[in-house]
Amino acid sequence: CAVQPADPGAAAVFRTNRSRLEAIAFGDPLTGGLNEAGFQMAYQKLTSKGIEPLTYAVVYLNVKDFKLINENFGVPAADDTLRYIYRVLKKHVHEGELVARGNADQFLLCLKESGKEAIRTRLEEMISDINSFAQNTDLPYYLTILQGAYLIDEPELNITIIADRARAACKLGTDKDACAFYNSDIMRRLKQEQELNALFAASIENHDFQVYLQPKVRLADGRLTGAEALVRWIHPRRGMIYPSDFIPLFEKSDHICRLDLYVFEKVCAMLKGWREEGRELLTISVNLSRRHFKNLNFLRPFSALKEKYGIPDGVIEIELTESTFFDERQRELVPGMLGEMHRRG
C-alpha cells in the first residue's frame, strides 16, 4: 500500500504515476477499456456490498477461428475487428454492468440478469448487432462468437473462479449457436478432462495404451488384405477408457501427436516381429491427426521409426481424417505432404 507524500507537488506527481500504473495494469491498450485484471477489480468493487444469489451473471465470449482474420486480412484488420466488437458490446451493457477484453479474441461481461432466457436474448441481440456490418459488404461474412455463462449462485466465490466457470461453459458447451450455462455436468466433464490429461504421460511410459488391429477383408473372396491400427486405453486403476472420451480431448493439445507416434512405433515393432518370424506382412494403416500439420517437419520422426525397425516401403499406410481438409492452410499443405509420404515409402 503506497503512502501519498505530504508535499502537494509531489502528491500530484504521485497521483499521475499511480494513474499511469493503473492504466497499464488494468486497461486494455487495444480497446481502451478494461483488461481481465481490470474486470476482476471492477467486479469486486461492484459486488463489495454483497449481492443476492442468481441476480448477476458473468459471460465469457470467444470469437471462433479469429486467427483466420489475422491470416486472411492482416493484423491491423484483426485489431480493428476487436475494437469494433468491444464498442458494440459496450453499447449494450447497462449501468452497473461490465465489459472487458480478455486474452486475444476473448471478452468478458458481467450482466445484471437473473434468468437464462433473458441472458440468451441479450447475447443474441449483441451478436446480431456485431454481425450487422455484413449488410454493407459485397460478400457476406459473419463472426461466430461462442458463449458461456455462469449465473452466480455462489456470490462468495472468488471472481477468478467465477470467470473460470463461465470460460468452462463456453469451452464445453454442446450448443455452439447459443449460450451454454455452467452446471454440474460441465463441472464433471472438466474434472474428467483434467484427470485424463494428468494420466496421459505416465500411461504412455507404462504402455497403458494398447494397439488392436481391425482387419480389412476383400469381399470378393474373403481374403485378409490389411488392417487398421486402433488404440485403446486400458488403465490399471480406471480400467477401459473409451476413445470417445480421450481422442477429442487429446485433439485439443499436442498429446494426440505424441499418441500417434506411439501407435506408429507399436505398429513398426509388430511388423518387425512378424518379419523375423517369417510371416507375411500385411498393410497396416495408422491414423494421423491434423494437428501434425502445424509442424512442417512432422514426418521426420515417423520416417526415423520406419528405418529403425526396418519396415519395407508400402507396408504402412497413413490415414488422414476428413477434418484435415477443413483448414484452408492445411489443404494447401496436404498435397506436398502426401508426396513426401510416398517418397519416404
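Treat the numbers as computed from the prediction; the structure is a model and nothing was measured.

S.K.: Outline the nonpolar core, listing residues and values.
M.R.: Counting residues in each nonpolar core, the largest one holds 41 residues, and the members touching the most others are Phe209, Phe246, Phe250, Leu259 and Val267. With 10 residues, the single largest contributor to this core is helix H9 (residues 255-276). The residues touching Phe209, leaving out its near neighbours within four places in the chain, are Phe200, Ser203, Ile204, Val231, Arg232, Trp233, Phe246, Phe250, Leu259 and Tyr262. Counting residues in each nonpolar core, the second largest holds 29 residues, with Val88, Val99, Phe107 and Leu143 among its members.

S.K.: So what's going on with the pairing of strand S6 (residues 209-217)? Residues and values would help.
M.R.: Pairing of S6 with strand S7 (residues 224-235), which is carried by nine bridges, proceeds in the antiparallel orientation. For Tyr212, the partnering residue across the bridge sits in S7 and is Leu230. Linking S6 to S7, which pair antiparallel, is a turn of six residues; within it Gly222 sits at a positive phi near 75°.

S.K.: Which residues make up the side chain of Asp28, and what values go with them?
M.R.: In this fold, Asp28 is placed in the loop between helix H1 (8-26) and helix H2 (36-46). Engagement of the side chain of Asp28 in a polar contact is seen with the side chain of Thr31, the distance being 2.7 Å. Apart from residues no more than four positions distant in its own chain, Asp28 is found in contact with Gly33, Leu34, Asn35 and Arg101.

S.K.: Give a description of the packing of aromatic side chains that names residues and reports values.
M.R.: Counting across every chain of the model gives 12 aromatic pairs. Here Phe246 and Phe250 contribute two aromatic rings whose centre-to-centre distance is 5.8 Å and whose plane-to-plane angle is 45°, an arrangement assigned as tilted. Note that Phe246 and Phe250 are positioned in helix H8 (residues 243-250) at a spacing of four residues, about one turn of the helix. Phe250 gets classed as buried once you look at its relative accessible area, which sits at 0%. Taken together, the ring pairs connect Phe200, Phe209, Trp233, Phe246, Phe250 and Tyr262 into an aromatic cluster. The side chain of Arg165 reaches across the aromatic face of Tyr150, ending 5.3 Å from its centre.

Thresholds applied
- Residues numbered from 1 in each chain as written.
- Predicted model: local features only at pLDDT ≥ 70, side-chain atom pairs only at ≥ 80, totals over all residues.
- Heavy atoms only, no water.
- Core = buried A, V, L, I, M, F, W, Y, C linked by side-chain atoms within 4.5 Å.
- Buried < 20%, exposed > 50% of the residue type's maximum accessible area, 1.4 Å probe, protein only.
- Helix = DSSP H or I, 4+ residues; strand = E, 2+ residues; numbered from the N terminus.
- Contact = heavy atoms within 4.5 Å.
- Pairing = 2+ DSSP bridges.
- Polar contact = N/O pair within 3.5 Å; in protein donor to acceptor, adjacent residues only side chain to side chain.
- Phe/Tyr/Trp six-rings, centres within 6.5 Å; stacked < 30°, edge-to-face > 60°.
- Lys NZ or Arg CZ within 6 Å of the ring centre and 35° of its normal.

Scope: geometric values only; no functional claims are made or implied.
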